[in-house]
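# Geometric and topological summary
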Amino acid sequence: MPPPSDIVKVAIEWPGANAQLIEFDQKKPLASIIREVCDGEVLQLFVCVFQSRGEIKNGTILRLAISPVTARQLLERIQSHGIDARLEALKELAKLSADPTFAAEFINMEGLATLARLVESGTHCIYLIKKLQKKTMLAFTLTAFLELMDHGIVSWDLISVSFIKQASKTHLTPMVDVSILQRSLAILESMVLNSHSLYQRVAQETTVAQLIAHLQVSNQEIQTYAIALINALFLKTPEDRRQEMASTLAQKHLRGIILNVRNRPVKAEMAHQLYVLQVLTFNLLEERMMTKMDPNDQTQRDIIFELRRIAFDGDNDPSGTEKRKAIYTKDYKMLGFTNPVNPAMDFTQTPPGMLALDNMLYLAKVHQDTYIRIVLENCSREDKHECPFGRSAIELTRMLCDILQVGELPNEGCNDFHPMFFTHERAWEEFFCVCIQLLNKTWKEMRATAEDFNKVMTVVREQITRALAMKPPSLEQLRVKLRSLSYSEILRLRQSERMSQDDFQSPPIIELRERIQPEILELIKQQRLNRLCEGSCFRKLGNRRRQEKFWFCRLSLNHKVLHYGDLDESPQGEVPFELLTDKIPVSDIKAVLTGKDCPHMKEKSALKQNKEVLELAFSVLYDPDEVLNFVAPNKYEYCIWTDGLSALLGKELGSDLTRSDLDTLMSMEMKLRLLDLENITIPEAPPPVPKEPSTYNFTYNYG
């Protein structure tokens, strides 16, 4: 006999407990069902339950959330006069504010305004700071305020001037509690990033010099928040004032403080913030990089003339106009300009625009001996082997802009910080001077001609990127590393890195490879699935604070279910399945999307413009029309997860990592199998089968 249509079997979940299977009677009052499930706790089903109880079917998962009654009670306790009751209420509020349903209810009850008034009454709060040893009322208030604002329900523009002044005053208070200082800096950063009007007010109350003081403390969390706020102010500062701010950061003692921070072991978020500061500093070059030279501008033409004068000591110019013009043209050709008649035309392409000319002038004036040596050295070579200084300097500037991402937004999650750029007031120009000498040296080593120009630039790019990957601590150390990366060394490295497939092109070897390949692919597939069973931690998107939120996802050991759930912090080891409250049956997965096809990459946000985040994004589509969005922490995890999910769906593994692993493992396996055939020539074809003998009388007769 089928069960009544009013009875459905569902699962109910709520925080801190395992899912419970119940029979849901559509005729029974909802409050009665909740009391039975929760044993009298004041909880409430999500909004989707109230929309239409008739839509609840067998197998539905219902989730319970904090009741609005709890929000109302907390607000009343916060507004009470008892210090202890208020403190306990704020402590509980700091924990519950992360829940979006609770946050919406609390904000609707004007709870956020109440918290703002508590912060604005700074005198009372500062008094409490001195009394409480660990967690203070102000710390809980700021934590709850930050959590509530993070949900995006209320605009940051509603923040009052007195609140900003109090937040700024708090981070300047001597001996302030660490947690209060962290929250104050995080709130100020969010204000700057989310509102132009608030940026102006925060900039009036907080200076870079004040924030630099926080970098001298031993607490790395404080240092991270301080650099994050410096970056936010840098990013929002009007273009006409950014150079002034950069000059402040370029002062020797401030650069020393930043380097001192980097010299200690740092966490990933601190490394990322230092990288962001580096990118924002280099972005000041963008204006010059995108400025074309005006061939009719006499001031700009005088700079080119100065390059000629320094190189060839042209004080004693001939008097005749025509003769002078002919000599100038000859000199500009020796300087290596593409257009020696009018060298200004060489700087009309952007990038690098006028930035290339700035670099050349810096080299000529600050490192005059080096400049003259490079120019005259090339003048004395045979025509076909001379290195065109002007063309080289322009192309090198373009290359360096590309390598250091000049004019681009910082990549999310990137930690590519180079300390050496904070060791010199004119680090960019000095970096160029080191690299132009490298280019000249490599040109000589390659015995290059004009036809080899692009080949030389490719080698120089490889030399620079390999040296930067070693993270030299100073420009002098960069010189040493570049000196060791000669052209012959680059060839050796290329040879050692190149997959030795040339030896395996004969038909028998190709046939052997084809037989081995399925075994290797199955091995890679099993490794990917094993990694999914171990699980990975992912960062939540849209969280601008430095106190990150994480979530974890892993595959069940039988490869049938994906388990996932939120975490308070990045895990140090394996996360048990019991802590991962959400799950997706693998049989429900429809497809795996990557890059621009992902729903969270189509949303209007700064992430959409971030090429690196776009390359790490993927989404799982599952029934019924649901989606789980991921942004991998790095390229390796992205390949592992996209390969593993493809394996679960029975599709081919197509990532770059799979191709690399396949090549490596195939090469190793082939070499092992052919080890006994070393120095033996393998024929192109199998030996011919001999003709049958005329008789078989030579065989032994066992009868």
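So, here's what we can say about the structure. Numbering of residues starts from 1 in each chain and follows the order in which that chain's sequence is written. pLDDT decides what is reported in this predicted model: residues at 70 or higher carry local features, side-chain atom pairs at 80 or more are listed and counted, and totals for whole chains, interfaces and linings draw on all residues regardless. With hydrogens and water stripped out, all remaining heavy atoms of the structure feed into the side-chain values.

## A short note on the overall build of the protein chain
What counts as a helix is a DSSP run of H or I of at least four residues, what counts as a strand is a run of E of at least two, and both are numbered from the N terminus. A tally of regular secondary structure across the protein chain gives 31 helices and eleven strands. Burial classes: relative accessible area under 20% of the type maximum marks a residue as buried, over 50% as exposed, and values in between as partly exposed (1.4 Å probe, protein chains only). Counting over 703 residues, the protein chain shows a buried share of 46%. Only heavy atoms matter for contacts: two residues are in contact if any of them lie within 4.5 Å across the pair. In the protein chain, of all internal contacts separated by at least 6 residues, the share reaching a separation of at least 24 is 65%. Per-residue accessibility takes into account occlusion by the displayed protein chains alone, with areas from the Shrake-Rupley method and a 1.4 Å probe. Here the protein chain displays about 37,500 Å² of accessible surface, and carbon together with sulfur accounts for 51% of that area.

## So, the pattern of salt bridges
Any Lys or Arg side-chain nitrogen found within 4 Å of a carboxyl oxygen on Asp or Glu counts as a salt bridge. All chains considered together, the criterion is met by 27 salt bridges. Measuring nitrogen to oxygen at the nearest pair gives 3.7 Å for the salt bridge that ties Arg-479 to Glu-476. Note that Arg-479 and Glu-476 are positioned in helix α25 (residues 475–484) at a spacing of three residues, about one turn of the helix. We classify Glu-476 as partly exposed; its relative accessible area is 46%. Residue Glu-511 pairs with Arg-515 through a salt bridge whose shortest N-O separation is 3.2 Å. Residue Glu-511 and its partner Arg-515 are both found in helix α27 (residues 507–534); the two are separated by four residues, about one turn of the helix. Overall, Arg-515 belongs to the exposed group, its relative accessible area being 60%. One connected set of salt bridges, linked through shared partners, spans Glu-519, Glu-669 and Arg-673.

## Considering the nonpolar core
To define a nonpolar core, start from buried Ala, Val, Leu, Ile, Met, Phe, Trp, Tyr and Cys residues and group those joined through side-chain atoms within 4.5 Å. Phe-145, Met-191, Tyr-371, Leu-396, Phe-431 and Ile-464 are the most contacted members of the largest nonpolar core, which totals 146 residues. The leading source of residues in this core is helix α23 (residues 427–446), at twelve residues. Among all residues touching Leu-396, those that are not within four sequence positions of it are Phe-432, Cys-435, Ile-436, Leu-439, Met-457, Val-460 and Ile-464. Counting residues in hydrophobic clusters, the runner-up holds 42 residues, among them Leu-614, Cys-639, Leu-645 and Leu-662.

## Re the sheet that holds strand β11 (residues 626–631)
Two strands are said to pair when DSSP picks up at least two bridges between them. Ordered by their spatial adjacency, three strands build an open sheet running β9-β10-β11, and the pairing between neighbours is antiparallel. Looking at the sheet topology across the chains shown, the edges are occupied by β9 (589–594) and β11. Sheet twist, expressed as the mean angle between neighbouring strand axes with direction ignored, is 15 degrees. One ladder, built from five bridges, connects β9 with strand β10 (residues 617–622); its direction is antiparallel. Residue pairing in the sheet places Thr-594 in a bridge with Phe-618 of β10. Contacts from helix α30 (residues 635–648) reach β9, β10 and β11 within the one sheet, and its direction differs from that of β10 by about 25 degrees. Only the stretch in contact is used when fitting a helix axis, every axis being a line fitted to C-alpha atoms; angles between N-to-C directions are given from 0 to 180 degrees.

## Things to note about the sheet that holds strand β5 (residues 536–539)
Here four strands make up an open sheet; going across it, the order is β5-β6-β7-β8 and the pairing antiparallel. Edge positions in the sheet fall to β5 and β8 (582–585), since each of these pairs with one other strand and no more. Within this sheet the neighbouring strands show an average axis-to-axis angle of 25 degrees, counted without direction. Packed on one face of the sheet, α27 meets β5 and β6 (550–555) and runs near 135 degrees to β6.

## Some points on the packing of α27 against α30
Packing of α27 against α30 brings their axes to within 8 Å, and their N-to-C directions diverge by 105 degrees. The orientation of α27 with respect to α30, classified from their angle, is roughly perpendicular. Of the residues in α30, those in contact with Lys-525, Gln-527, Arg-528, Leu-529, Arg-531 and Leu-532 of α27 are Tyr-636, Glu-637, Cys-639, Ile-640, Trp-641, Asp-643, Gly-644, Leu-645, Ala-647 and Leu-648. Lys, Arg, Asp and Glu make up the charged group, whereas Ala, Val, Leu, Ile, Met, Phe, Trp, Tyr, Cys and Pro make up the nonpolar group; the residues left over, Gly among them, are polar. The residue makeup of the contact of α27 with α30, split by class, is nine nonpolar, two polar and five charged. Working definition: roughly parallel below 35 degrees, roughly antiparallel above 145 degrees, roughly perpendicular at 65 to 115 degrees, and oblique for all remaining angles.

## Let's talk about the packing of helix α18 (residues 298–312) against helix α20 (residues 354–366)
It is at 10 Å that the axes of α18 and α20 come closest, and there the two elements cross at 35 degrees. Both α18 and α20 take part in a crossing whose hand is left-handed. Contacts between α18 and α20 involve Gln-300, Ile-303, Ile-304, Glu-306, Leu-307 and Ile-310 from the first element and Met-354, Leu-357, Met-360, Leu-361, Ala-364 and Lys-365 from the second. In terms of residue class, the contact of α18 with α20 is made up of nine nonpolar, one polar and two charged. Helix crossings fall into two classes, left-handed where the near helix is turned counterclockwise from the far one by less than a right angle and right-handed where it is turned clockwise.

## Topic: the state of the cysteines
Disulfide assignment relies on a single distance test, namely cysteine sulfur atoms paired within 2.5 Å. Considering all chains together, one arrives at zero disulfides under this definition. In this structure Cys-435 is not part of a disulfide, and its nearest cysteine sulfur, from Cys-433, lies 9.4 Å away.

## Focus: helix α5 (residues 100–108)
Within α5, the full set of buried residues consists of Thr-101, Phe-102, Ala-103, Phe-106 and Ile-107. Whenever a nitrogen or oxygen atom comes within 3.5 Å of another N or O atom, the pair is scored as a polar contact, on the condition that within protein one atom can donate a hydrogen and the other can accept it, and that pairs from neighbouring residues in sequence are kept only if both atoms are in side chains. Where α5 begins, the side chain of Asp-99 points an oxygen toward the backbone nitrogen of Thr-101, at a separation of 3.1 Å. Positive phi shows up at Glu-110, right after α5, with a value of about 65 degrees.

## Quick notes on the pairing of strand β1 (residues 7–13)
Burial analysis of β1 places five of its seven residues in the buried class, the great majority of the element. Pairing analysis gives six bridges linking β1 to strand β2 (residues 20–25), with the strands arranged antiparallel. Across the sheet, the residue bridging to Lys-9 is Glu-23, located in β2.

## Some thoughts on a negative patch on the surface
What makes a patch is a set of residues exposed beyond 30% relative accessible area and free of salt bridges, joined within 9 Å when like-charged and within 5 Å when nonpolar (Val, Leu, Ile, Met, Phe, Trp, Tyr). Only four residue types enter the tally: Lys and Arg on the positive side, Asp and Glu on the negative side, with His and both chain ends excluded. Here the site of a charge means atom NZ of a Lys, CZ of an Arg, CG of an Asp or CD of a Glu. A cluster of acidic residues, Glu-239, Asp-240, Glu-286 and Glu-287, forms a negative patch at the surface. Looking at the negative patch, the elements that each hand over two or more residues are α14 (239–249) and α17 (286–289). Inspection of the secondary structure assignment puts Glu-239 in helix α14. What makes Glu-239 exposed here is its relative accessible area of 67%.

## Description of helix α4 (residues 83–96)
Its 14 residues place the ends of α4 20 Å apart at the C-alpha level, agreeing with the 20 Å of an ideal helix rising 1.5 Å per residue. For α4, the set of buried residues is Arg-86, Leu-87, Ala-89, Leu-90, Leu-93, Ala-94 and Leu-96. By this rule, a helix spans an expected 1.5 Å times one less than how many residues it contains.

## Regarding unusual backbone geometry
In this model, Thr-350 is joined to Pro-351 through a cis peptide bond whose omega is -15 degrees. The topology assignment puts Pro-351 in the loop between α19 (321–334) and α20. Put simply, Pro-351 and Pro-352 share a cis peptide bond, and its omega is 10 degrees. By secondary structure assignment, the location of Pro-352 is in the loop between α19 and α20. The phi dihedral of Glu-110 falls on the positive side, at around 65 degrees, and the residue is not glycine. Its place among the elements puts Glu-110 in the loop between α5 and α6 (111–120). Take Glu-110: its relative accessible area is 53%, and that puts it in the exposed class. The phi angle at Gln-405 is positive, at roughly 60 degrees, despite the residue not being glycine. Within the element layout of this structure, Gln-405 appears in the loop between α22 (389–403) and α23. Taking relative accessible area as the criterion, Gln-405 reaches 15% and is therefore assigned buried.

None of this, on its own, says anything about what the molecule does.
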